[in-house]
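The chain contents come next:
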Amino acid sequence: MSASEVDHEKRKQISVRGIVDVENVANFKKTFNRHLHYTLVKDRNVATSRDYFFALAHSVKDNLVSRWIRTQQYYYEKDPKRVYYLSLEYYMGRTLQNTMINLGIQGACDEAMYQMGLDIEELEELEEDAGLGNGGLGRLAACFLDSMATLGLAAYGYGIRYEYGIFAQKIKSGEQVEEPDDWLRYGNPWEKARPEFMLPVNFYGQVIDTPEGKKWVNTQVVFAMPYDNPVPGYKNNVVNTLRLWSAKSPVEFNLQFFNNGDYIQAVIDRNLAENISRVLYPNDNFFEGKELRLKQEYFMVAATLQDIIRRYKASKFGSKEHHRTDFDMFPDKVAIQLNDTHPSLAIPELMRILIDVEGLPWEKAWDITTKTCAYTNHTVLPEALERWPTNMLESILPRHLQIIYHINFLHLQQVSAKYPGDLDRLRRMSLIEEEGEKRVNMAHLSIVGSHAINGVAAIHSEILKNGVFKDFYEMSPEKFQNKTNGITPRRWLLLCNPNLSDIIEEKIGDEWTVHLEQLIQLKQWAKDPVFQRSVMKVKQENKLKVTQLLEKDYGVKVNPASIFDIQVKRIHEYKRQLLNCLHVITLYNRIKKDPSAPFTPRTVMIGGKAAPGYHLAKKIIKLICSVGNVINNDPIVGDKLKLIYLENYRVTLAEKIIPAADLSEQISTAGTEASGTGNMKFMLNGALTIGTLDGANVEMAEEMGNDNIFIFGMTVEEVEGLQKKGYNAHDYYNRIPELKQCIDQIQGGFFSPNNPDEFKDITNVLLNWDRFYLFADYESYIRMQDHVGRVYQDESKWVEMAIHNIASSGKFSSDRTIAEYAREIWGVEPSWQRLPAPHEPRDI
């Protein structure tokens, strides 16, 4: 058997254990040929590989459509409470393989392509990633959609159909260069445009008083066109909807242009309206107060709320005699989850609709709004919190600013009644910040306008209650909750690591795919030499694939027996890629000092994108590339140590890299990472974690025991103590010779001989302005990394720890997270229901 035939056999087993229905394969081949001819208008003589991919995607989508329609019919007839997840980001990645797995048709598709002489893996590689997100927040939203469908919740994702997603990163001469991500260049086979549901969204204008109340007039209108994307649950025939809005210019041209003959200009100006959905803002954990971003946020919210209310009015609860809508049941039938503050304008927008359009009194409208909305906070970094200038809101959304002012007036009355005379508390808790430019604090608006506020890991939720939102917690403790993040085991184990999935299934069956907590059964085989060998064999196969990828894409030969030490995430000071880089330089210096000393070989991979305007983050990328260039070409170092910067890190690359990892770097300063989800993906795939007690690392350590994770560095309390005492980086620099050597090399141009001052900005920050205390954790980190090297040499011990990691991952399924949101915030019960398949009788 050739390598591709072996891969084909293995893949065929994923969903069907090698038993493929011959009739299904024959039908699939017919459907494939039909799409090639009638959808793509090609035959086998002229079809390209991309045509074959589209024929395959359309054939798979055919298996979705009847399930999709049936699911929506079921929701219409049963009228359950609906959950609306509002997010400005959805980092979906590719759809084809995930859909085949969730529908249970991967074996048939694979066999059909094989019989037709096509390589399904090659076709899958042609699918563009849907990169409509920056990092963790957007990928979490994608995992949540998968879990909501798998749990049988009547849920809808809402967002923006960005024409350009997160930029494609090229590394040229060691520097990040951004190229547009034209992901729709060839079309998107999964989406369905719904022009019949196009909705108007208003901007600008004035507010006037009328006998009926306030009226927002003389507005500029932009239309929101919905594109629906199917979200299949895992083998339950449930298909939910992700509805993404695209901005369209109004049909009417400005007539004054006709009068002065500038018809062409009138057509060109239509683009201005459509720019709203043109591009995703490439900033993660950084707030940039641009007018276009504010328009994007309101555009998504305004279109979504009209859609939600239209659906509610169509239900039996919404309609009432005299064609008036009864909103009494609205919070019982609708749950709106705000994914961070980006959709927080949903609160004043729902108030505006209920008061100005539907004629409800303020008190009733406010009661409905707060009972309907809930808010998830994703960061404690002050620069990431959204604060919109009031003058910008007054211009673009004048009615909303009035509503926000009134919300704030009533809110401060309550604060004042509870804490009389405490003016400082009033200032801290106001929705309006008066210092400097007058701004609206969107997190405060989200807290006041929601019935539930949650952090995304236990430690993060405590920090919110005791720190950032302490005043609000003291006033309304019942509102605050924790919902530790999770990942979908379908994509992050079944899809990306099929061989590991196979050996797990041989031991405990296949129910773990929807009940991840069953992995705990694996602990009984943690010391079993046979099972250990199976796990090691899978890891080695995954590492060999990545070894080939690195040689092909980067021209670097790496030692597949070395520790694959991986840090992949957005490039940001708080994530401390620089600490990792200092460790690599330290190892390099040790090898150079004594090349014959015993050394555990390491291949360090760092990947991620820097926000285009984040100067220091881009310098960090250049430093990593420069250090790698020196180390990788040093004959004395050989294959003992390699440092590779992974270009254009994205979901698809993560699916290849994570299964091959031995060591996962989760090294943020304690108290800065809200949760992390990459840490969970590595854990589930049998990598060991080196990390601080930050975010979800804390709960991971609790689940697996401290013996199975490499924890180092300061705790949150110790970081706070250092802040109070005062941090002086020079104390560490002068006391620790290895650290001093690293900094002197960076500062003196050792890694940038052609430009000795290249990295002065980095060393200047580290020595004088470092908010994230790298030097304070350096010694502890190096000591723990030395321990990692020693443990890795004990193969049996390492794999035993890896099995404990896999077996302890159950808590970190997004199914568990979503079940908690459902019960404790949205007031719905996960049904885990299976709807009838298309060939089964429809009994609802």
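Residue numbers here run from 1 along each chain, matching the order of that chain's written sequence. In keeping with the predicted nature of the model, local features appear solely for residues at pLDDT of at least 70, side-chain atom pairs appear and are counted solely at 80 or more, and the whole-chain, interface and lining totals rest on all residues. Side-chain measures here rest on the full set of heavy atoms in the structure, leaving out hydrogens and waters.

As a reminder of what qualifies: UniProt positions are given in the numbering used here, feature names are shortened, and annotations may be inferred rather than shown by experiment.
An unreviewed UniProt entry lists the chain under the name Alpha-1,4 glucan phosphorylase, with Dufourea novaeangliae as the source organism. We quote the UniProt Catalytic activity (unreviewed entry) comment for the chain here in full: "[(1->4)-alpha-D-glucosyl](n) + phosphate = [(1->4)-alpha-D-glucosyl](n-1) + alpha-D-glucose 1-phosphate". Annotation of the chain in UniProt includes, under Sequence similarities (unreviewed entry), the sentence "Belongs to the glycogen phosphorylase family."

**Focus on the overall build of the chain**
Filter applied, for reference: Put simply, DSSP marks the helices as runs of H or I at least four residues long and the strands as runs of E at least two long, and each gets a number from the N terminus on. In this setup the radius of gyration rests on C-alpha atoms only. A globule is expected at 2.2 Å times the number of residues raised to 0.38. Burial classes follow relative accessibility: with a 1.4 Å probe on protein chains only, a residue under 20% of its type's maximum area counts as buried, one over 50% as exposed, and anything between as partly exposed. A contact between two residues is defined here by any heavy atoms of the two lying within 4.5 Å. For every accessible area listed, the method is Shrake-Rupley and the probe measures 1.4 Å; residues are considered covered only by the protein chains on display.
Within the chain, the regular secondary structure consists of 35 helices and 25 strands. Computed over its C-alpha atoms, the radius of gyration of the chain comes to 28 Å, within 12% of the 28 Å expected for a compact globule of 844 residues. Along the first, second and third principal axes, the C-alpha set of the chain runs to 90 × 75 × 60 Å. A total of 844 residues make up the chain; the buried ones form 62% of that total. Summarising the internal contacts of the chain: among those between residues at least 6 apart in sequence, 77% fall at separations of at least 24. About 32700 Å² of surface is accessible on the chain, with carbon and sulfur atoms providing 51% of the total.

**Points about the pairing of strand β20 (residues 563-568)**
Applicable threshold: Any two strands with at least two DSSP-identified bridges between them are counted as paired.
Among the six residues that make up β20, six are buried, leaving the element largely enclosed by the rest of the structure. Neither face of β20 is open: one carries Ile 563, Asp 565 and Gln 567, the other Phe 564, Ile 566 and Val 568, and all of them are buried. Note that β20 and strand β21 (residues 602-607) share six bridges and pair parallel. Across the sheet, the residue bridging to Val 568 is Gly 607, located in β21. Sheet analysis places β20 next to strand β23 (residues 663-666), joined by two bridges and oriented parallel. Directly across from Ile 566, in β23, lies its bridge partner Ser 664.

**A closer look at the environment of Gln 402**
Locating Gln 402 in the fold gives a position in helix α16 (residues 398-418). Taking relative accessible area as the criterion, Gln 402 reaches 31% and is therefore assigned partly exposed. Distance in space between the C-alpha atoms of Gln 402 and Arg 425 is 23 Å, their sequence separation being 23 residues. With residues near it in sequence (within four places) discarded, Gln 402 still touches Val 207 and Lys 214.

**Considering the UniProt feature "modified residue: N6-(pyridoxal phosphate)lysine" (unreviewed entry) in the chain**
The UniProt feature table records "modified residue: N6-(pyridoxal phosphate)lysine" (unreviewed entry) at Lys 681. With respect to the helices and strands, Lys 681 occurs in helix α27 (residues 678-684). Aside from chain neighbours lying at most four places away, what touches Lys 681 is Arg 139, Ile 487, Trp 492 and Ile 658.

**A look at the packing of helix α22 (residues 498-508) against helix α23 (residues 529-554)**
Applicable threshold: Axis definition: a line fitted to C-alpha atoms, limited for helices to the stretch in contact. Angles are taken between N-to-C directions and run from 0 to 180 degrees. Put simply, angles under 35 degrees are roughly parallel, angles over 145 are roughly antiparallel, angles from 65 to 115 are roughly perpendicular, and the rest are oblique. It is the rotation of the near helix from the far one that decides the hand of a crossing: anticlockwise by less than a right angle makes it left-handed, clockwise makes it right-handed. Asp, Glu, Lys and Arg are counted as charged, while Ala, Val, Leu, Ile, Met, Phe, Trp, Tyr, Cys and Pro are counted as nonpolar; the rest, among them Gly, fall into the polar class.
Two elements in contact, α22 and α23, have axes whose closest approach is 9 Å; the angle formed by their N-to-C orientations is 165°. Classified by the angle their axes make, α22 and α23 are roughly antiparallel. The element α22 and its partner α23 pack so that their crossing is right-handed. Residues Asn 499, Leu 500, Ile 503 and Lys 507 of α22 form the contact with α23, whose participating residues are Phe 531, Ser 534, Val 535, Val 538 and Glu 541. Of the residues belonging to the contact of α22 with α23, the class tally is five nonpolar, two polar and two charged.

**Notes on the packing of aromatic side chains**
Here is the rule we go by: Aromatic pairs are defined between Phe, Tyr and Trp rings, using the six-membered ring for Trp, whenever the two ring centres lie within 6.5 Å; interplanar angles under 30 degrees are classed as stacked, those over 60 as edge-to-face, and all others as tilted. Geometrically, a charge over a ring is one whose NZ (Lys) or CZ (Arg) sits within 6 Å of the ring centre while staying within 35 degrees of the ring normal.
Using the criterion set out here, one finds 24 aromatic pairs in the structure. Every member of this aromatic cluster is reached through a ring pair, and the members are Tyr 84, Tyr 156, Tyr 158 and Trp 245. Arg 50 extends its terminal NZ or CZ atom over the ring of Tyr 186, reaching a point 3.7 Å from the ring centre. Across from the ring centre of Tyr 156, 4.2 Å away, lies the NZ or CZ of Arg 311, which sits over that ring.

**Concerning the sheet that holds strand β16 (residues 432-433)**
One open sheet accounts for three strands, arranged β15-β17-β16; its pairing is antiparallel. Among the strands making up the open sheet, the edge pair consists of β15 (387-389) and β16.

**Some remarks on the environment of Lys 527**
Note the following rule: Pairs of N or O atoms within 3.5 Å make up the polar contacts considered here, provided that, within protein, one atom can donate a hydrogen while the other can accept it, and that residues adjacent in sequence are counted only when both atoms are side-chain atoms.
Looking at the element boundaries, Lys 527 is found in the loop between α22 and α23. Lys 527 gets classed as exposed once you look at its relative accessible area, which sits at 63%. C-alpha of Lys 527 to C-alpha of Glu 800: the two residues are 273 residues apart in sequence and 5.9 Å apart in space. Excluding residues that lie within four positions of it along the chain, Lys 527 makes contacts with Gln 532 and Glu 800. A distance of 3.1 Å separates the side chain of Lys 527 from the side chain of Glu 800, its partner in a polar contact.

**Looking at the sheet that holds β23**
Read across the open sheet, the six strands follow the order β22-β21-β20-β23-β24-β25; overall the sheet is parallel. Bordering the open sheet on either side are β22 (641-646) and β25 (710-711), each of which pairs with just one other strand.

**As for helix α24 (residues 577-593)**
For clarity, the threshold we go by: A helix is expected to span 1.5 Å multiplied by its residue count minus one.
Between the first and last C-alpha of α24 there are 25 Å, a value that for 17 residues agrees with the 24 Å anticipated at 1.5 Å per step. By the criterion of burial, α24 is predominantly enclosed, with 14 of the 17 residues buried.

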